[in-house]
Amino acid sequence: MAEPDPEPMSSGAGQRLGAPETLGISTLDPGHRPPVMPPGRHVTLRVRMLDDTEELFDISQKASGKMLLDLVCSHMNLIEGDYFGLEFQNHQKMVVWLDHIKPIIKQLRRPKHTILRFSVKFFPPDHAQLLEELTRYLFSLQIKRDLSCGRLTCNDSSAALMVSHVIQSEIGDFEESHCRSHLLNNNYIPDQMPLIDKIMESHSAHIGQTPAESDYQLLEVARKLELYGVRLHPAKDREGTKLSLAVAHTGVLVFQGHTRINAFNWAKIRKLSFKRKRFLIKLRPDLNSSYQDTLEFLMASRDCCKVFWKICVEYHAFFRLFEEPKAKPRPVLFTRGSSFRFSGRTQKQVIDYVKESEFKKIPFERKHSRVQYNSRLSPLPSPRHPEVPTESGVSRDRLSSPPRRHWKESVLVSAEDPTASRTERSSPSHQTNGLEDRKGSPSRAEERRASPRQSRPEHPSTGVASESPRLAASSGHPYGMVNGQKSLDLGSHSPNGRQPSPLTSPLLNDACSVRTDDEDEVRRKRFPTDRAYFIAKELLTTERTYLKDLDVVTVSFQNAVGEDEAAPDSVKNAILATFAPLHKFHTGFLREVEQRLALWEGRSNAHIKGDYQRIGDVLVKNVQALKPLTVNLSKQSEVLLELEKSCKASRRLESLCRDFELQKVCYIPLNVFILRPLHRLLHYQQILERLCKHYPATHVDFRDCRAALADVSEVVEQLQESLIKTENFQKLLELKKDLLGVDNLVVPGREFIRLGCLSKLSGKGLQQRMFFLFNDIILYTTRGITPTNQFRVHGQLPLRGMTIRESEDEWGVPHAFTLVGQGQSVVVAASSLTEMEKWMEDIKVAIQMAKTSNGPSSDLLTSDLTDNKCPEDSSVEAESEDDMTASHGSLERPAAHRGNTMVHVCWHRNTSVSMVDFSVAVENQLSGNLLRKFKNSNGWQKLWVVFTNFSLFFYKSHQDDYPLASLPLLGYSVTIPSDNENIHKDYVFKLHFKSHVYYFRSESEYAFERWMEVIRSATVPSSRARVLNSKD
C-alpha cells in the first residue's frame, strides 16, 4: 500500500475514515446520533474499516447487530450506511454477515478475539444512485480491495484502467518516474508487473481529475464487469457439475468458473428455499422457457445453503421492496421454517431520505491520497455536491499544504458518550473552514438572489474545467439554475463530463418508481417548463427510436443477409447504398439534438445566457444537409421491389427473411422498417408545425423553425406520391404473407382499402370471417389450422357491378348488410353500428372506384379454391375458436417474438382497420418514458415505450435492442381515471379492454396530450370517407 507519510497527524480533524488534505464532503445529519444502548455488560469490538484501519467500539452485549452498524456509520457520518454491513468468520470458519436483529452476544462466540470487517453489502446497478461522495469513496475502496484479493477478475485493459483511476486518486496527476515508483512499491492487482506500462498509459490520460472524479470513474468501469459485487458460493447441479451461485440486484446468478452461464430474474422466481444441502429455486410457469419449475443445487452443507438463502432474501427486499417488510407474528406452539427477515431501509427509502432531507456538509479525509491541488482546478472534489461554497469553503492554502500522516492507532468510540465522540470529530480545524459554522456560508435567500456569474469560481477554462463545463456552472453555487429557478443537482452528472440522457425526465429518472405528489411538483419546477422544450424532447425521443430502427436494417438484417450465400449482391448493394448514408446522417443529427437538449435543461452554464433554449437552428442546418439525400429517400420502393424479386427467385432467401422477422429485434414487419426514412420526414414536418404554432413571430427561434419547415415540406411534397404508392405496395406484400390460396395479390393498379372481421350468414348461422377490401375485389377468409397461422381464402366478390344495402330488418340480424354481386350475394354482420357504417362507406367508395377505372383482374383465387369447394363445417369453426382463445392470451403477455400481425389482432379483437388508419398511425408514431401501473398493483414501473403499428412496445430503456412485451391497442379505449380509482397523480391516462386495465403516467402536460392523441388514433380508427372529408 502507500508509503507512510512523513508528518505525524494532529488529533481531531481526521480521526475517522479518510486521509490527506484532499478533503471530500460528507453529510452531517443532525439526528444521526449513536444508538441508545440497552443496559447490561459492555464489550469492546474491533472493526476493520475499508481503508484497513481498525477501530474499537464499546457496546452492550445485548445490543443488536443493527445497533453496532449504526454506531459505525454514526462514527463516520455515513448517511447511506444501508448499503454496507459487518461480516465476520463464525465458528465454522464461514464468512457471514452480522444479523441486524439478533443480539451480538448470540452471534459472536468470542467477541474480544473476533474482527468484524466493514464492507459493501448491496451493490446497486448504477453508482449514480449513490448520492453521497463519502459513499462512493467507500465503494471505491471496496473495489480496490476486491481487485487486490482477486475476487473481482477482468481483462487486462479493464484492470489497468481501474488501477489508473486508483492511483490518480492517491498520487494525483501523472508524472512518469513518480507513477512508476509508486506502482513498484504497491500492488493493486495480482501479477501487476506486466501491466505497469498499460497502467501508466491510462494514468497519463487522467490529468486534472480530482479524487472524487476518480472514484466515480472507477465505479463506472467496475459496474460493467460481470463479477462486480458478486460473491461466489460453491455449488453443484444435479449432474454433479461444479458451479457457483451468486445474488445481485437483478436476481440469482449461476457461474461456471468466473463465467456467468445463467441468471434468474426476481420476476421469474416464485420462491427460494433450502432443504438440508439442497438449495431450491422455484420459477413461475413460463410457456416459452425450457427450464423446469424447480431448479435444485447441491451445496457443501445446510449452513452454506442458509447463508446464501439469507443474503438472497436481503438482496430481494433491499432492491425490490418499497419499505422494510413487517415481522410476522410467531406461532405459540409450533414453528415452521426460518423467521429470518430483512431489517433496515430499502434502497428506495435510502434514496428518498437523502433527497428529501437537508443536511450540513462536513469534510472527510482520504487515507492514501496525496493529491496536490492545482490552483487552476475546481476545488470541488465531487460535482454531486456543489453545495460547498468556494469563497467561504476550504481554503486553497489548506488544500495545497503537505498531506498529514493518517492516524494509525485504534480509537475507542463509546456509545455512552456521544457528545465526546462528536466533539472530537468536530475539531477547531474543521470549524475554521466555514463548513461547520453556518455564519461562514451565504444564506439561501442570498443564494437565490445571487447571479450565476457572481457565483462561478474565477479560474481559467483549463484542466477539469475545460473538460467538464458543468463544474464551472455549479462549483460555486449551491444549486443549479434552471429557467431562473433553484435546482438541486442530486446525481444528475458524472465527473467525466458525460451528460445523463436528455430523455430521462424529471418524473421518471429515479431508481425507484413511486414518489409523492409534493416531490413531483418540486421536480417539475426544477426542469424547463416551456412547451417548446417538450416538443424538442419529442424530437429527441423519436429520433432515438428511429435510429434503432435503422440499425435493424443496416446492422441486423445486413448481417443476416451477408452471412448467407443465397442472398444476391443486388439486394445487399441496394440496402447498403440506400441506408448507410441515412444512418450516418441521423447518427450525427441525434448527437446534436442530445447536446442541445442537455444545454437546454441547464446541465452547463450555457443556459444562463439563454442561447440554447431553442432547437430551430439545429433543425434548419440538418434539414438542409438532408436535402442531398432525397435520392436515397426516393429509393425505398426500389429496395422493396428488389427484395421481393429476389425472394421470388430464391426460396432460401425467402425463408431467411421470414426467419429474420421472427427475431426479437424485428418487432414489426421488415418492410415497415424499410419505409421508416420516408415516414420520418412526416414526423419532422409535424414537429416543426407544432413549434411554429407555439412560437410567436417575434421569437428568436421562429425564423429558423419556419425555414426548416419550408425545406421539409418541399421534400415531403416531392416524395408524397411515391410515399402513397410505396405504402400501398408494402401493405399488399404484408397481406400476401398472411393469406393462403391467393395468386397475384400484388399487381399494378390494385389498392388496399380495409381489412377486418365480419360475421358471414350461412346455413349454419353467423360464422366469423376475415374480410379484405381492395379497389377491385373483396376476399373473405378464415383462420386456418396451419403452422404459420395464415388465413385461408374462402371466396371472392368482384366489385364491378356490385350493390350494397342494409338488411337488418330483412334477416333480423343486428348491423347486417347484404353484398349483391354478379350471380351471388353475401349477407354479413358487423360487431357494432360504427363498424357497419365504416364498412358500408368504404365499400361504396370502392364500388365507385371500380366503375370509373380499369382496375386489375379480379381473379385472385387458385384453381382449387372456390366458395363452393370450401365447406364451412362446424369443425373448422371450433378449431378456429380454440386458436383464437390461445392466441388472445398471447397478445396480452410478453411474447418471445414480435406480436401477431394486424390481421390476427383484428381477428381476435373483432374489429377492422383501413388504409387511412395505417397512414394516420404512420404519422403518429411516438416514444418516450412512461410510468405503468396495473389495476391491482401499488407501484409504478418506469418503461421506455414506443407507439407504432397500432401497438405499444415496452422496453426497460431506450438502449435496449428489442422490446420486452407489446400491447396491440385495437379495441382498447383510452380515458382519464375517475376519482374512485384512487389514482391521485397528474398526467395519467387509462387503457381498458374487457378485464384488462393499464394506467400510464407521463412527465408533462404536453407529453400527456400527445400520448392521448396518438393512442386515440389507434383505438378509434376512422372510416375512409370521414377522414377524406375532414382533410378536404
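Residues numbered from 1 in each chain as written. Predicted model: local features only at pLDDT ≥ 70, side-chain atom pairs only at ≥ 80, totals over all residues. Heavy atoms only, no water.

Before going further, it helps to examine the nonpolar core. Residues L68, F118, L138, I143, F279 and I281 are the most contacted members of the largest nonpolar core, which totals 100 residues. For this core, the element with the highest residue contribution is helix α7 (residues 302–320), accounting for nine residues. When residues no more than four places from it in sequence are discounted, the contact partners of L68 are L45, F57, I59, L86, L98, I104 and L116. V620, C666, V672 and L678 belong to the second largest nonpolar core, which has 77 residues in total. (Core = buried A, V, L, I, M, F, W, Y, C linked by side-chain atoms within 4.5 Å. Buried < 20%, exposed > 50% of the residue type's maximum accessible area, 1.4 Å probe, protein only. Helix = DSSP H or I, 4+ residues; strand = E, 2+ residues; numbered from the N terminus. Contact = heavy atoms within 4.5 Å.)

Among the residues of helix α19 (residues 616–626), G616, V618, L619, V620, N622, V623 and L626 are the ones counted as buried. Contacts made by the buried residues of α19 are with α17 (531–562), α18 (569–600), α20 (630–633), α24 (676–694) and α25 (702–738).

The strand order across the open sheet built from seven strands is β30-β29-β28-β27-β33-β32-β31, with neighbouring strands paired in antiparallel fashion. The strands lining the two open edges of the sheet, one partner per strand, are β30 (965–968) and β31 (973–975). On average, each strand axis in the sheet is tilted by 35° relative to the strand beside it, whichever way the strands run. Of the strand pairs in this sheet, strand β32 (residues 988–993) and strand β33 (residues 996–1001) are connected by six bridges, and their pairing is antiparallel. Across the sheet, the residue bridging to K990 is Y999, located in β33. (Pairing = 2+ DSSP bridges. Axes fitted to C-alpha atoms, helices over the stretch in contact; angles between N-to-C directions.)

What follows is about a positive patch on the surface. A cluster of like positive charges, contributed by R270, K271, R284 and R320, occupies part of the molecular surface. Of note, R320 is situated in helix α7. The exposure class of R320 is partly exposed, given its relative accessible area of 43%. (Patch = residues over 30% accessible without salt bridge, like charges linked within 9 Å, V, L, I, M, F, W, Y side chains within 5 Å. Areas by Shrake-Rupley, 256 points an atom, 1.4 Å probe, with all protein chains shown as cover. Salt bridge = Lys/Arg side-chain N within 4 Å of Asp/Glu carboxyl O. Lys, Arg positive; Asp, Glu negative; His and termini not counted. Charge placed at Lys NZ, Arg CZ, Asp CG, Glu CD.)

Quick look at the confidence of the model for the protein chain now. For the protein chain, per-residue confidence averages 75 on the pLDDT scale, and 71% of positions sit at 70 or higher. Every residue in residues 1–23 scores below 50 in pLDDT, and together they form 93 contacts with partners more than four places removed in sequence or on other chains. Per-residue pLDDT stays below 50 along residues 604–609; that stretch engages in 17 contacts with residues further than four places along the chain or on separate chains. (pLDDT = per-residue confidence, 0-100.)

Quick look at the pairing of β33 now. Within a regular beta strand, the side chains point alternately toward one face of the sheet and then the other, so they alternate between its two faces. Extensive coverage of β33 is indicated by the burial of five of its six residues. Bridge count between strand β27 (residues 926–934) and β33: four bridges; the pairing is antiparallel. Its bridge partner lying in β33, L931 is registered against R1001. Taking the residues between adjacent antiparallel strands as the criterion, β32 and β33 are bridged by two residues, where K994 takes a positive phi near 55°.

Before going further, it helps to spend a moment on the packing of helix α3 (residues 156–171) against helix α6 (residues 211–222). Running from N to C, α3 and α6 cross one another at 165°; their axes reach a closest spacing of 8 Å. What the angle tells us is that α3 and α6 run roughly antiparallel. Note that α3 runs across α6; the crossing there is left-handed. Residues S158, L161, M162, H165, V166, Q168 and S169 of α3 form the contact with α6, whose own contacting residues are P211, S214, D215, Q217, L218, V221 and A222. (Parallel < 35°, antiparallel > 145°, perpendicular 65-115°, else oblique. Left-handed = near helix turned anticlockwise from the far one by under 90°.)

Our next topic: the pairing of strand β21 (residues 777–783). Taken across its seven residues, β21 has seven buried, putting it largely inside the fold. Every second residue of β21 is oriented toward a common face, with I777, L779, T781 and R783 on one face and I778, Y780 and T782 on the other, all of them buried. Note that strand β20 (residues 765–774) and β21 share four bridges and pair antiparallel. In the sheet register, F772 faces β21, and the bridge partner there is L779. Two successive antiparallel strands, β20 and β21, enclose a turn made up of two residues. In this structure, β21 lies alongside strand β22 (residues 791–798), joined through seven bridges in antiparallel fashion. Bridge assignment links R783 to a residue of β22, and that residue is F791.

This part takes up the pattern of salt bridges. Counted under the stated rule, the structure contains 36 salt bridges. When the shortest N-O distance is used, the salt bridge between E170 and K144 registers 2.5 Å. Within this pair, whereas E170 is found in helix α3, its partner K144 is found in helix α2 (residues 133–149), the two being separated by 26 residues in sequence. The same class applies to E170 and to K144, which are both buried.

By secondary structure assignment, the location of N632 is in helix α20. Residue N632 is classed as buried on the basis of its relative accessible area of 12%. One polar contact links the side chain of N632 to the main-chain carbonyl oxygen of A577, over a distance of 3.0 Å. If we ignore the near neighbours within four places in the chain, the residues touching N632 are A577, T578, P581 and L582. (Polar contact = N/O pair within 3.5 Å; in protein donor to acceptor, adjacent residues only side chain to side chain.)

Take the environment of L227 next. Tracing the backbone shows L227 in the loop between α6 and β7 (233–236). As for L227 and A246, which are separated by 19 residues in sequence, their C-alpha atoms are 9.6 Å apart. Once residues lying within four places of it in the same chain are set aside, the contact partners of L227 are R151, L152, T153, F255 and H258.

Another aspect to go through is the packing of aromatic side chains. Tallied over the full model, the rule gives 34 aromatic pairs. Arranged with centres 6.1 Å apart and planes meeting at 65°, the rings of F752 and F774 form a pair that is edge-to-face. Here the residue F752 occupies a position in strand β19 (residues 752–762), and F774 occupies one in strand β20, the gap between them amounting to 22 residues. In this structure, F752 and F774 share a single accessibility class: buried. Aromatic pair Y972 and Y998: ring centres 6.3 Å apart, planes at 40°, arrangement tilted. Highlighted residues: Y972 in the loop between β30 and β31 and Y998 in strand β33, separated in sequence by 26 residues. Overall, the relative accessible area of 9% leaves Y998 in the buried class. Members of the aromatic cluster, each reached through a chain of ring pairs, are Y83, F84, F118, F122, F123, F139, Y228, Y315, F318 and F319. The aromatic ring of F918 is capped on one face by K731, whose charged end is 3.5 Å from the ring centroid. Over the aromatic face of F993 sits the side chain of R909, whose NZ or CZ is 4.7 Å from the ring centroid. (Phe/Tyr/Trp six-rings, centres within 6.5 Å; stacked < 30°, edge-to-face > 60°. Lys NZ or Arg CZ within 6 Å of the ring centre and 35° of its normal.)

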